[in-house]
Amino acid sequence: MGDKTEDSRPKRVFVNDVDTYSSKYIAEFLSTCTNGEHSEESDDTVTNQHEPAFHIVGTVSSSSKNRKTSFLLEQYKSPTQDQLLCCLLECDVVLYNISENATQQLIDEATWAITALHAEMESFTAKKMFILVSTVMTWARTKPKDVEESDVTLAEEDYRRRRPHPSFKNHNELEKLVLKLCRPKKSKLTGHVIAAGLQYGKVESLFHCFFKMSWSAQFQKVSLFGEGMNYIPMIHVDDLAGVIHNIINLKPKSKYIVAVDDSKNTLEDIVKMISDVLGSGKIDNISEQEAIDMKILKPEELEYLSINLRLEPYLKNNLNIQWVSEAGMIENMDRIVEEYKNTRQLLPIRICITGPPAVGKTTVAEKLCSYYQIHHITLKAVIEEKISQLEMISGSDSSESVSEEEIAASQKQLETIQENMEMNEGRLADDLVADIMQQKLYSAPCRNQGFILDGFPETYEQAKLIFFDGDTEDQDSRSKTPTYNEKITPEHVFAFNASDDFLIKRAQALPQSAAEKMNYTAEDFVARLERYRQLMASEETLLDYFDQLEILPEHIEVNTDDPEYTDVMKKITEMVGTPNNYGLSPEEQEEEDRRLEEERQQKVVMEAAERKCKKEAVLAAMTAEYEEWMKNLSEVKKQESELQEARCLPLRNYLMKHVMPSLTEAMLDCCKFKPDDPVDFLAEHLLQNNHKD
């Protein structure tokens, strides 16, 4: 009973560098596993099936943010060897992943880890498992038994003859060390080595550059270095995690496992399929040096993608794997592309803006396209682009990678468009317009990044023709909701509106040349405005169509002449959300960082200047206050002096009239007689004169 409880408890699993591509998804996969999966136990364990099978602990790189990953029980950032050893000894399974861009430091750490665990083995209270996730690059130079046979598929049992790529000799030595230390049958430390194929899926890693080039349409053709005829052994990252899950639970006898899917595809096949599904469908062969110079791939990534190896998978008949991509990337490309888009949140933004002429649809659309990095779709531009494409194909030679059938079809379509425009005074019929617009909206750039429909469609019928989905017509024939294609139908609809007076004044304020170019002359503008009002007053309008699809239009009133449309842009961006794209390229990011640094320095200088001005202003104010105070003090002293003098004036007059004459006479007599005691003489003299007076 105690053993069963011990076995059913969640196993503690250590995974290194869980902030890297491969280790992250392996750890995340294991964290979602529950008890009972791939289990050989009896039905008695059914009550524990919803409990987690594993508790994941792991290390993260020193550059990782401090935020803890949700699927980790514990997270260690740059631990010391003693701290790491304590962590490893607490775990039931230790998994070291060196399958992608492993540094020498990581290989040294993994070597130390298996050696340290082996040294501590006698102190284990229970068995532990060490799993090394290595790479098929340790097989890169393996030759078939018969040298004359070139197209040979190597089997897993040939692993003792494997020869590594020169850059992966240390990986090979570590594989041998794990197999050696974990060899004894009764050992408390069991070990497995997984030679993983090149991994794909989720956000992508090695193949990411091909996905990004195809998605962004930065280049007309996806770059493929070399001839691309080499065979790439591969595995989906979730399937690799499934292999690890099986090894932990089933403990297979084989200690060396080759983890690859069933595909036998060349690099050219893979890149071509990525371009077909996600991009233009075209590839361009370049040299390895060009790929490095263009910063498409790093040298170490080129080493992985240069492998030419066909391996027979061991997994199918020996492990119970719930495959995600058993047939390989090419066979599952549609699903993998959707997975890539969803994981990276590269979701298209589809917007339709409608409204009367001169309300500002085009200006706002251009601003939104710049903000969201999506495509501006106007009816005139789309038709002109289509005619230009047809003329270019029609005028090309069949030798220029264009078949005669394509040339003939283009000429026929061009003639149809030209005839229709002649019959309709320069306008195209709605059905032709719908076909051309559908082709544009189905193009890779519009499907990948998204678009803004500017002022078109205008009517219910036009919208129905463009967004109609024939594949679901039979299924939804009884439904009142129109059938529509979600991949090209706008998910946000904004209806601008303004009063006729406001719009007419705005059109009249335009320069004559601009008005003529935009057909906003007096007659044309009024006619266009009246036509728009009539369309909006019809029985079924464009907005009714979107209402029926439950894509509720947002009405925006335009009543100011703000050229930046600040309030309108704020409202739309709040409703649509943040951009869904890669953002800036490394070069653009560097330029943006430089610009922000310059702005920061300018801000620092301006703040310093502002502080200096404030300080000078304060000093000037204090100086002015001091001078004013001194001026007031001087005035007070002057007034006090005058007051004192005014108060002393009566006494002075009395002294001058009654005292000073007698005192002057006494002083003169004192000088004349020169008495021995001048003071007594003066006193006697004044008394005598006083009695006489």
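Residues numbered from 1 in each chain as written. Predicted model: local features only at pLDDT ≥ 70, side-chain atom pairs only at ≥ 80, totals over all residues. Heavy atoms only, no water.

*Asks:* Describe the confidence of the model for the chain, and please don't skip the residues or the numbers.
*Replies:* Averaged over the chain, the pLDDT score is 86; the fraction of residues at 70 or greater is 91%. Segment residues 1-6: pLDDT under 50, and one contact once partners within four positions in sequence are set aside and those in other chains are kept. Confidence drops under a pLDDT of 50 for residues 39-47, and excluding neighbours within four residues, the segment shows two contacts in the predicted structure. (pLDDT = per-residue confidence, 0-100. Contact = heavy atoms within 4.5 Å.)

*Asks:* Can you explain helix α7 (residues 237-250)? Please cite residues and give values.
*Replies:* Over its 14 residues, α7 extends 20 Å from the first C-alpha to the last, a length consistent with the 20 Å expected when each residue adds 1.5 Å. Along α7, twelve of the 14 residues are buried, which leaves the element largely enclosed by surrounding structure. Those residues of α7 not exposed but buried are Val-237, Asp-238, Asp-239, Leu-240, Ala-241, Gly-242, Val-243, Ile-244, His-245, Asn-246, Ile-247 and Ile-248. In the stretch just after α7, Lys-251 is the one whose phi turns positive, near 50 degrees. (Helix = DSSP H or I, 4+ residues; strand = E, 2+ residues; numbered from the N terminus. Expected span 1.5 Å × (residues − 1). Buried < 20%, exposed > 50% of the residue type's maximum accessible area, 1.4 Å probe, protein only.)

*Asks:* Just give me the short version of the nonpolar core, but keep the residues and values in it.
*Replies:* Counting 77 residues, the largest nonpolar core has Tyr-96, Phe-130, Phe-207, Phe-210, Phe-211 and Met-329 as the members making the most contacts within it. What Phe-207 contacts, discounting residues up to four positions off in sequence, is Leu-198, Gln-199, Tyr-200, Ile-232, Met-234, Ile-270, Leu-305 and Met-329. By size, the runner-up hydrophobic cluster in this structure holds 32 residues, among which are Ile-383, Ile-417, Ile-488 and Phe-546. (Core = buried A, V, L, I, M, F, W, Y, C linked by side-chain atoms within 4.5 Å.)

*Asks:* For the packing of aromatic side chains, give the residues involved together with the corresponding values.
*Replies:* Under the counting rule described, the total for this entry stands at 15 aromatic pairs. Note on Tyr-96 and Phe-130: the rings are 6.1 Å apart at their centroids and 15 degrees apart in plane angle, and the pair reads as stacked. With Tyr-96 in strand β4 (residues 93-97) and Phe-130 in strand β5 (residues 128-135), this pair connects stretches of sequence that are 34 residues apart. For Phe-130, a relative accessible area of 0% puts it in the buried group. With a centroid separation of 6.2 Å and 55 degrees between ring planes, the pair formed by Phe-673 and Phe-681 is classed as tilted. Since its relative accessible area comes to 52%, Phe-673 is described here as exposed. One aromatic cluster in this structure is built from Tyr-460, Phe-467, Tyr-545 and Phe-546. The cationic tip of Lys-128 hangs over the ring face of Phe-124; the distance from NZ or CZ to the ring centre is 5.2 Å. Directly above the ring of Tyr-231 sits Arg-310, whose terminal nitrogen or CZ lies 4.3 Å from the centroid. (Phe/Tyr/Trp six-rings, centres within 6.5 Å; stacked < 30°, edge-to-face > 60°. Lys NZ or Arg CZ within 6 Å of the ring centre and 35° of its normal.)

*Asks:* Residue-level account of the sheet that holds β5, with values.
*Replies:* Judged by pairing direction, the sheet is parallel, and its seven strands sit side by side in the order β3-β2-β1-β4-β5-β6-β10 without closing on themselves. Of all the strands in the sheet, just β3 (74-77) and β10 (256-259) have a single pairing partner and so form its edges. Averaged over all adjacent pairs, the angle separating strand axes in this sheet is 20 degrees, with direction ignored. Summarising the sheet, β4 and β5 pair through five bridges and their orientation is parallel. If you follow Tyr-96 over to β5, its bridge partner there is Leu-132. This element, helix α3 (residues 81-89), spans β1 (11-15), β2 (54-60), β3, β4 and β5 of the sheet and lies at about 145 degrees to β1. Where helix α4 (residues 104-119) meets the sheet, it contacts β4, β5 and β6 (189-196), and its direction lies at approximately 160 degrees from that of β4. (Pairing = 2+ DSSP bridges. Axes fitted to C-alpha atoms, helices over the stretch in contact; angles between N-to-C directions.)

*Asks:* Lay out the packing of helix α16 (residues 430-441) against helix α18 (residues 460-467) with the relevant residues and their values.
*Replies:* Orientation of α16 relative to α18, taken along the N-to-C sense of each, is 45 degrees, at an axis distance of 8 Å. Between α16 and α18, the crossing angle belongs to the class labelled oblique. Every pair of crossing elements has a handedness; the one defined by α16 and α18 is right-handed. Here α16 contributes Asp-430, Asp-431, Ala-434, Met-437, Gln-438 and Leu-441 to the contact with α18, which in turn contributes Gln-462, Leu-465, Ile-466 and Phe-467. For the contact of α16 with α18, a count of residues per class yields six nonpolar, two polar and two charged. (Parallel < 35°, antiparallel > 145°, perpendicular 65-115°, else oblique. Left-handed = near helix turned anticlockwise from the far one by under 90°. Nonpolar A, V, L, I, M, F, W, Y, C, P; charged D, E, K, R; others polar.)

*Asks:* Tell me what's going on with the packing of helix α8 (residues 267-278) against helix α12 (residues 333-343), and back it up with residues and numbers.
*Replies:* One way to put it is that α8 packs onto α12 with a least axis distance of 10 Å and a crossing angle of 70 degrees. Here α8 lies roughly perpendicular to α12, going by the angle between them. Here α8 runs over α12; the crossing is right-handed. Contacts from Ile-270, Met-273, Ile-274, Val-277 and Leu-278 of α8 reach α12 at Met-333, Asp-334, Val-337, Tyr-340 and Lys-341. By residue class, the composition of the contact of α8 with α12 is eight nonpolar, no polar and two charged.

*Asks:* For a nonpolar patch on the surface, give the residues involved together with the corresponding values.
*Replies:* A contiguous nonpolar patch, built from Leu-651, Tyr-654, Leu-655, Met-656, Val-659, Met-660, Leu-663, Met-667 and Leu-686 and spanning about 780 Å² of accessible area, is present on the exposed surface. Per-element accounting of the nonpolar patch gives the leading share, eight residues, to helix α24 (residues 586-673). Within the secondary structure, Val-659 is located in helix α24. A relative accessible area of 32% places Val-659 in the partly exposed class. (Patch = residues over 30% accessible without salt bridge, like charges linked within 9 Å, V, L, I, M, F, W, Y side chains within 5 Å. Areas by Shrake-Rupley, 256 points an atom, 1.4 Å probe, with all protein chains shown as cover. Salt bridge = Lys/Arg side-chain N within 4 Å of Asp/Glu carboxyl O.)

*Asks:* Run through helix α14 (residues 379-394), naming residues and quoting values.
*Replies:* Between its first and last C-alpha atoms α14 spans 23 Å; for 16 residues at 1.5 Å apiece the expected length is 22 Å, and the two agree. Turning to α14, the residues buried within the fold contact β13 (375-377), α15 (404-423) and α16.

*Asks:* Talk me through the pattern of salt bridges; I want residue IDs and the actual numbers.
*Replies:* Counted by the stated rule, this structure contains 18 salt bridges. Across the pair Glu-74 and Arg-12 runs a salt bridge, and its minimum N-O distance is 2.7 Å. Here Arg-12 lies in strand β1 and Glu-74 lies in strand β3, a separation of 62 residues in the sequence. Judged by its relative accessible area of 27%, Glu-74 falls in the partly exposed class. On the accessibility criterion, Arg-12 (14% relative accessible area) is buried. A salt bridge links Arg-533 to Asp-500; the shortest N-O distance between them is 2.8 Å.

*Asks:* Let's hear about the sheet that holds strand β15 (residues 492-497): which residues, and what values?
*Replies:* Strand order across the open sheet formed by five strands is β13-β14-β12-β15-β16, with parallel pairing between neighbours. A single partner strand is all that each edge strand has here, and the edge strands are β13 and β16 (554-557). Sheet twist, expressed as the mean angle between neighbouring strand axes with direction ignored, is 20 degrees.

*Asks:* Account for the side chain of Ser-187, naming residues and giving values.
*Replies:* Mapped onto the elements, Ser-187 comes out in the loop between α5 (169-181) and β6. With relative accessibility at 7%, the residue Ser-187 sits in the buried group. Polar contacts involving the side chain of Ser-187 include one to the main-chain amide nitrogen of Leu-189, which spans 3.0 Å. (Polar contact = N/O pair within 3.5 Å; in protein donor to acceptor, adjacent residues only side chain to side chain.)

*Asks:* I'd like to hear about a negative patch on the surface, residue by residue, with values.
*Replies:* Together, Asp-430, Asp-431, Asp-435, Glu-461, Glu-539 and Glu-540 give the surface a local cluster of negative charge. Tracing the chain through its elements places Asp-430 in helix α16. (Lys, Arg positive; Asp, Glu negative; His and termini not counted. Charge placed at Lys NZ, Arg CZ, Asp CG, Glu CD.)

*Asks:* Requested: an account of the side chain of Thr-59, with residues and values cited.
*Replies:* Inspection of the secondary structure assignment puts Thr-59 in strand β2. Beyond its immediate sequence surroundings of up to four residues, Thr-59 is in contact with Phe-14, Val-15, Asn-16, Asp-17, Val-18, Asp-19, Tyr-76, Pro-79 and Leu-84.

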